[in-house]
Amino acid sequence: MSSTGIADKVAIVAMGCTRFGELWGSSADDMLIDAVGEAITGANIALADVDAYWLGTLGSGQSGLTLSRALGTDYKPVTRVENYCATGSEAFRNACYAVASGAYDRVMAVGVEKLKDSGFSGLLRADPPGDGTAPELSMTAPAAFSLLDPAYCTKYGVDSAQMRDAMTHVAWKNHVNGARNPKAQFRSEVSKAKISGAPKVAGRLGVFDCSGVSDGAAAALIVRAEDAYDYTDRPIFVKALALAAGPARGSMDPAYDFTTFPEVVRSARDAYAQAGINDPRGLSFAEVHDCFTPTELVLMEDLGFCDRGQAVKESLAGDFDADGRLPVNIDGGLKSFGHPVGASGLRMLYEAWLQLRGEAGERQLADPRTALTHNLGGRPGACVSFVSIVGREPNSTS
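Note that the structure is predicted; figures quoted are calculated from it, not measured.

J.: Looking at this structure, I do not really get the packing of helix α5 (residues 148-156) against helix α9 (residues 293-302). What am I missing?
T.: How two helices sit against one another is set out by the angle between their axes and by the gap between those axes. Where α5 contacts α9, the two axes come as close as 9 Å, and the packing angle between them is 45°. As judged from the angle between their axes, α5 and α9 are oblique. In the crossing of α5 with α9, the sense of the turn from one axis to the other is left-handed. Facing Leu-148, Asp-149, Tyr-152 and Tyr-156 of α5, the residues of α9 in contact are Pro-294, Thr-295, Val-298 and Glu-301. Its residues assigned to classes, the contact of α5 with α9 comprises five nonpolar, one polar and two charged.

See below:
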């Protein structure tokens, strides 16, 4: 599977992002205003200069009125989208295509989610009615993703204690990174002993193996690449946008072994083809969907950052740490930010924006040029996957 893509046809020229957390004093309207306001100010334009909006939210609104009411926009088109945990990325993808098509000059992708006030816990949820042939829907998300751990150990002959150490390392690494991010929900380093000894949620997944629940919003202003330098001296250029929705037969397919997300493999392959990337290990850094610690380990292989069966060893060796060969979740990831569904994908792009512009503060990497962001929505064997690649310069890939 591959698509023609829109490499270097559009650019991000401004972004905004709220702090993520238990924002009891902020409504969805407040967060939208803050994120969009930061982006508008950064581009030195007026709200009226934005031609159209794409809004991503899972449960904080049912139409474009969620944004137009909050911002008081003047009858501009607002398209509300939702695609599981890839919702914010879906808003970004569609906004980019709108500019690349020539339909609009300036558009904004916005993601917002107000989960804490809703009582959402990350365990209980409402599923659509079905015919009973999707047993994974009867499981909580932690239970479904906990299956990755024993399956991986069995397939690759990994000792269960070593797998536990690797899962612990993922959480430890991401909390170390998040402690250096003023917009993260959790800003404290957590010891490996505390992580590995935490109360269990499902299988061998403890509290620190699971991402948290939070509120937040993020926004990106997108224009044609040839116009980018009219707004900023340091735009970032979109190299690839890939989305894959699987057939969702994993729970019924005896060939599916819970050690890979085929949708991630397909979307990554498509993204690399669009961007002209032969070896993804040459990327400067990546932001991936670490909803659970074993998920990040499997993603390292599905995204081509290491060979099959090597993620545990390479993670423990520090390959994906801030000072490793390919830093992953340098901003703290879902582990430090929590997961306000509509905002997470754009939050990942916000870190790419900061890093590629040299504005990431004490977690700034040395001379990053290209970045990958990844969202995963659904469950093992039944999910959607989004991959974007962005770069500091046009026609600059690894």
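The rest of the description comes next.
J.: I'm lost on the sheet that holds strand β4 (residues 106-113) in this one. Help?
T.: Pairing between sheet strands relies on hydrogen bonds along the backbone, with the strands arranged either parallel or antiparallel. With respect to topology, nine strands assemble into an open sheet ordered β3-β2-β4-β7-β1-β8-β11-β10-β9, the strand pairing being mixed. On the outer flanks of this sheet lie β3 (78-81) and β9 (285-287), each paired with one strand and no other. Going across the sheet, the axis of each strand differs from the next one's by a mean of 25°, ignoring polarity. Sheet topology note: the strand β2 (residues 52-56)/β4 ladder contains five bridges and is parallel. Note that in β4 the partner of Tyr-53 across the bridge is Met-108. Against the sheet, helix α8 (residues 262-275) engages β8 (236-245), β10 (370-379) and β11 (382-391), with an angle of about 150° to β8.

J.: Explain helix α3 (residues 87-100) here, please?
T.: Residue pairs three or four apart in sequence face the same way in an α-helix, which turns once every 3.6 residues. Between its terminal C-alpha atoms α3 stretches 20 Å, which fits the 20 Å expected from 14 residues at 1.5 Å a residue. Counting buried residues along α3, eleven of its 14 residues qualify, which places the element largely inside the surrounding structure. Residues Thr-87, Gly-88, Ser-89, Glu-90, Ala-91, Phe-92, Arg-93, Ala-95, Cys-96, Ala-98 and Val-99 constitute the buried set of α3. Residue Gly-102 follows α3 closely and has a positive phi angle near 90°.

J.: What should I look at first to understand the packing of helix α6 (residues 160-178) against α9 in this one?
T.: Contact geometry for α6 and α9: axes closest at 8 Å, N-to-C directions at 95°. The angle between the axes of α6 and α9 places the two elements in the roughly perpendicular class. In this structure, α6 uses Met-163, Ala-166, Met-167, Val-170, Ala-171, Lys-173 and Asn-174 to contact α9, whose residues at the interface are Thr-293, Pro-294, Glu-296 and Leu-297. Among the residues forming the contact of α6 with α9, the class breakdown is seven nonpolar, two polar and two charged.

J.: Is there a simple way to think about the domain arrangement of the protein in this case?
T.: Interface size is commonly expressed as the accessible area that is lost once the parts come together. Its domain assignment divides the protein into domain 1 (10-121 + 215-236) and domain 2 (141-211 + 239-391). When each unit is reduced to the centre of its C-alpha atoms, the spacing between domain 1 and domain 2 is 24 Å. Listed as interface residues are 42 residues of domain 1 and, on the opposing side, 31 residues of domain 2. With both sides pooled, the region where domain 1 packs onto domain 2 buries about 3000 Å², and carbon together with sulfur makes up 70% of that total. By the criterion of area lost to domain 2, the three top residues of domain 1 are Phe-20, Cys-85 and Ile-236, representing 24% of everything that side buries. Linking domain 1 with domain 2 are two salt bridges, by the criterion used here. One salt bridge in this structure joins Glu-38 and Lys-183, with 3.2 Å as the shortest N-O distance. Our count for the contact surface shared by domain 1 and domain 2 stands at eleven residue pairs in polar contact (both at pLDDT 80 or more). Broken down by secondary-structure element, the contributors of at least two residues to the side of domain 1 that touches domain 2 are β1 (10-17), α3, β4 and β7 (216-224). No other element matches the eight residues that α3 contributes to the side of domain 1 that touches domain 2.

J.: Looking at this model, I keep getting lost on the pattern of salt bridges. Mind explaining?
T.: Once the charged atoms of two side chains with opposite charge are near each other, the side chains can pair. Tallied over the full model, the rule gives 28 salt bridges. A salt bridge links Asp-215 to Lys-114, with the shortest nitrogen-to-oxygen separation between them at 2.9 Å. Taken together, the positions of Asp-215 in the loop between β6 (205-206) and β7 and Lys-114 in the loop between β4 and α4 (141-146) put the pair 101 residues apart, joining distant regions of the chain. For Asp-215, a relative accessible area of 0% gives the class buried. Note that Glu-351 and Arg-363 form a salt bridge whose closest N and O atoms lie 2.8 Å from each other.

J.: For this particular structure, what's the right way to read the layout of surface pockets?
T.: Over the atoms rolls a probe the size of a water molecule, and in doing so it shows where empty space is left. Its boundaries defined by the atoms lining it, the second largest pocket holds a volume of some 250 Å³. Together, 16 residues line the second largest pocket, and Pro-247, Tyr-256, Pro-262, Glu-263 and Gly-381 are the ones closest to its centre. Elements supplying a minimum of two residues to the lining of the second largest pocket: β8 and α8. Across the lining of the second largest pocket, the residue classes tally to seven nonpolar, four polar and five charged.

J.: Can you walk me through the side chain of Asn-181 in this structure?
T.: As for its placement among the helices and strands, Asn-181 is situated in the loop between α6 and α7 (192-196). Only 3.0 Å separates the side chain of Asn-181 from the backbone nitrogen of Lys-183, close enough to count as a polar contact. Ignoring any residue separated from it by four or fewer positions in sequence, one finds Asn-181 in contact with Arg-187, Asp-331, Phe-337, Glu-351 and Arg-363.

J.: Is there a simple way to think about the packing of aromatic side chains in this case?
T.: Two aromatic rings, taken as a pair, are described by how far apart their centres are and by the angle between their planes. All told, the structure shown has seven aromatic pairs when counted by the stated rule. Taken together, a centroid distance of 6.2 Å and an interplanar angle of 40° make the contact between Phe-145 and Phe-261 tilted. Taken as a pair, Phe-145 in helix α4 and Phe-261 in the loop between β8 and α8 lie far apart in primary sequence, 116 residues in all. Summarising the burial analysis for this pair, Phe-145 and Phe-261 share the class buried.

Rules of the game
Residues numbered from 1 in each chain as written. Predicted model: local features only at pLDDT ≥ 70, side-chain atom pairs only at ≥ 80, totals over all residues. Heavy atoms only, no water. Axes fitted to C-alpha atoms, helices over the stretch in contact; angles between N-to-C directions. Helix = DSSP H or I, 4+ residues; strand = E, 2+ residues; numbered from the N terminus. Parallel < 35°, antiparallel > 145°, perpendicular 65-115°, else oblique. Left-handed = near helix turned anticlockwise from the far one by under 90°. Contact = heavy atoms within 4.5 Å. Nonpolar A, V, L, I, M, F, W, Y, C, P; charged D, E, K, R; others polar. Pairing = 2+ DSSP bridges. Expected span 1.5 Å × (residues − 1). Buried < 20%, exposed > 50% of the residue type's maximum accessible area, 1.4 Å probe, protein only. Domains from an automatic or database assignment. Buried area = accessible area lost by both parts, 1.4 Å probe. Salt bridge = Lys/Arg side-chain N within 4 Å of Asp/Glu carboxyl O. Polar contact = N/O pair within 3.5 Å; in protein donor to acceptor, adjacent residues only side chain to side chain. 1 Å grid on protein atoms, 1.4 Å probe; cavity = no way out; pocket = protein on both sides within 12 Å on 5 of 7 lines; lining within 4 Å. Points joined across faces, edges and corners; volume = space filled by probe spheres on them. Phe/Tyr/Trp six-rings, centres within 6.5 Å; stacked < 30°, edge-to-face > 60°.

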